Structures are given as C-alpha cells and as structure tokens.
Amino acid sequence: MLWNAKNGTVSIYGRTMNYISFGKGDKNLILLPGLGDGFQTVQGMALWMAWAYRIYARDYWVYMFSRCNELPEGFTTRQMAKDQAMAMDTLGIERADIVGISQGGMIAQYMAIDYPQKVDKLVLAMTCARQSFMSRSLITSWIELAKKQEYKKLMIDTAEKSYTRKYLHFYRLLYPFLGLYRTPENFSRFIIQANSCLTRDAYPELDKIQAPSFVIGGGQDDIVGAVASLEMVDRIPDCRPVHIYPDLGHAAYEEAPDFHQRILAFLKMEPAEGQFRLA
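Treat the numbers as computed from the prediction; the structure is a model and nothing was measured.

Visitor: Could you give an account of the overall build of the protein, naming the residues involved and the relevant values?
Guide: Looking only at helices and strands, the protein features 10 helices and 10 strands. Based on the C-alpha atoms only, the size of the protein along its principal axes is roughly 55 × 40 × 35 Å. Residue burial in the protein is summarised as follows: out of 279 residues, 55% are buried. Within the protein, residue pairs in contact and separated by at least 24 positions form 78% of the contacts whose partners lie at least 6 positions apart. On the protein, roughly 13200 Å² of surface is accessible, and the fraction owed to carbon and sulfur atoms is 53%. Of the side-chain charges in the protein, 31 are positive and 30 negative, and the distance between the mean point of each set is 2 Å.

Structure representation (structure tokens):
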C-alpha cells in the first residue's frame, strides 16, 4: 500500500477520533487540519492524504487526526488538545513534531502549552492566538449560515475569503456544483468547532511554549489576518523562523508551491550556538 497508508479510529472516553497514518521514517509527525474538519473528517482518506503529503513520508511516520466525532456543546480548543494528547497516549506516540493549520494551529498551541513533553517542534500556519474583530465577525457569519444549513453559501464565502484572485478564477467554475454531490447531514459538529475558535485566547500563555517554533502566515489573509502571525512570533520564546507570503491569503498552504518544503526544512534543522542550522 502507498507509503504504508492506513485508516484508523481511536477511542477516547467512549468517543471516537478518526485518523490516518503513513510513512516509513523513525520520527513522528502529527498534522492537525483546519475548521473544514467540522464537515469532513479524514476517515477513508489515507491513500489520498499519503499522496498529498508524500514529502514527509521518507523522514516521518505521519499521522493526521480529526477532532472527535462526538463533540459536546461548548467544547473548547484546549479540550481538543487534551483529546489529542490522549490519542497520542493510546497509540503509543510519546513525542512528535506537530504542524497545525488554521484551527489546527489553535489546538497545536495548547498542545505545546499544556503538554510540552509531547511536542518536539511546532509549526503554526495561517492561525492565530486570539481572535480579531475581523475573524470574529467572519466566523460568526459562518455559524449563522451553518445554522440555516446554507452549505453552498458557506463554502463559497470560505473560498472567497481564502484564495487569491488568480486561484479563484478557476475555483469559481466549481461553484454551481457545490452541494450537489455532498451536503453534510449534521451541521452541529462544524458549529461546535467554529464556536471554539471564538471563545479561545491563548495569547497570554504563548510564553509557556518551550518547543522550537516556526510561524507561517499570509500577507493577504482575510480570515485570521497577517498581524496574527507576527503576534505569535513576538510572544513565543523560541520562535526564530517566520515566513509571511506577502501576496497570498489564508489558503497559502494550498497555493504556495514551497509551503511544505519550508516546513520540512525547519523540521530537519538542528540547534547550533543558539540558532538553527540545516541537518
């Protein structure tokens, strides 16, 4: 099977969490996806994800985790980080490099704050430590669309706020087909995850992060804002590398051809005289 790709499910206090794994390296890498996980988990996507993230397969045994399938009302990103730590314990993952994108980055921050012994290196991409007025207003509008089950409108608005005009030129061709083949049966999981973004503020605790950290942002990010990346860099003690894509937005992780190369280069760096050098 492609890079030993596997689909799996782990049980946490009677709740279930889907994950996929692949690779052949002797180090662990955990990937935490964004808010889109509220509509579609990684269940059954092992082969596709192994191909999409194959750049990591040689050096790592890679895991990508969804949030638990059963999320109680009022569940927070800090509690999601606790779920993640428990999933690691259940699967025998003592330590890992962690890459969190968007909401996944919010969870990754609490992983590094509350469970520093589990985090070797930390990558925070297109994410924030606290919500701005812009991001709060946007997420609130998405919650209202989800409550009305306006899936197509929600997906279009997400795309319009995430991608550059160049990318949207092609993506807009798909708008008429959104929702025709797959519409979520239940919107509550997305709503709970979105609300968890609104109620969090990890900014005062970022100085507790011990892991060497790399922050990636988009200069045209209309969801979390470009300033959010700089805020984290100023607050996290061991956060030397930072990269801002000046002409890209929230979906830089899809649009930037060197996005994963930059992450892998950071993960393979070693400390030398207070700074990092390539291994």
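There's plenty left to go through after this.
Visitor: Before we move on, can you summarise helix α2 (residues 77-91) with the specific residues and values?
Guide: Between its first and last C-alpha, α2 extends 21 Å over 15 residues, near the 21 Å set by a 1.5 Å rise per residue. Positive phi shows up at glycine 92, right after α2, with a value of about 75°.

Visitor: Provide a residue-level description of empty space enclosed by the protein, including the pertinent values.
Guide: Within this structure, the stated rule accounts for one cavity of 30 Å³ or more. Its boundaries defined by the atoms lining it, the largest cavity holds a volume of some 50 Å³. Met17, Leu32, Phe65, Ser66, Arg67, Cys68, Met80, Asp83, Gln84 and Ile107 are the residues that line the largest cavity. The set of elements that each furnish at least two residues to the lining of the largest cavity consists of β4 (60-68) and α2.

Parameters and conventions
- Residues numbered from 1 in each chain as written.
- Predicted model: local features only at pLDDT ≥ 70, side-chain atom pairs only at ≥ 80, totals over all residues.
- Heavy atoms only, no water.
- Helix = DSSP H or I, 4+ residues; strand = E, 2+ residues; numbered from the N terminus.
- Buried < 20%, exposed > 50% of the residue type's maximum accessible area, 1.4 Å probe, protein only.
- Contact = heavy atoms within 4.5 Å.
- Areas by Shrake-Rupley, 256 points an atom, 1.4 Å probe, with all protein chains shown as cover.
- Lys, Arg positive; Asp, Glu negative; His and termini not counted.
- Charge placed at Lys NZ, Arg CZ, Asp CG, Glu CD.
- Expected span 1.5 Å × (residues − 1).
- 1 Å grid on protein atoms, 1.4 Å probe; cavity = no way out; pocket = protein on both sides within 12 Å on 5 of 7 lines; lining within 4 Å.
- Points joined across faces, edges and corners; volume = space filled by probe spheres on them.

That is the geometry; function is a separate question.
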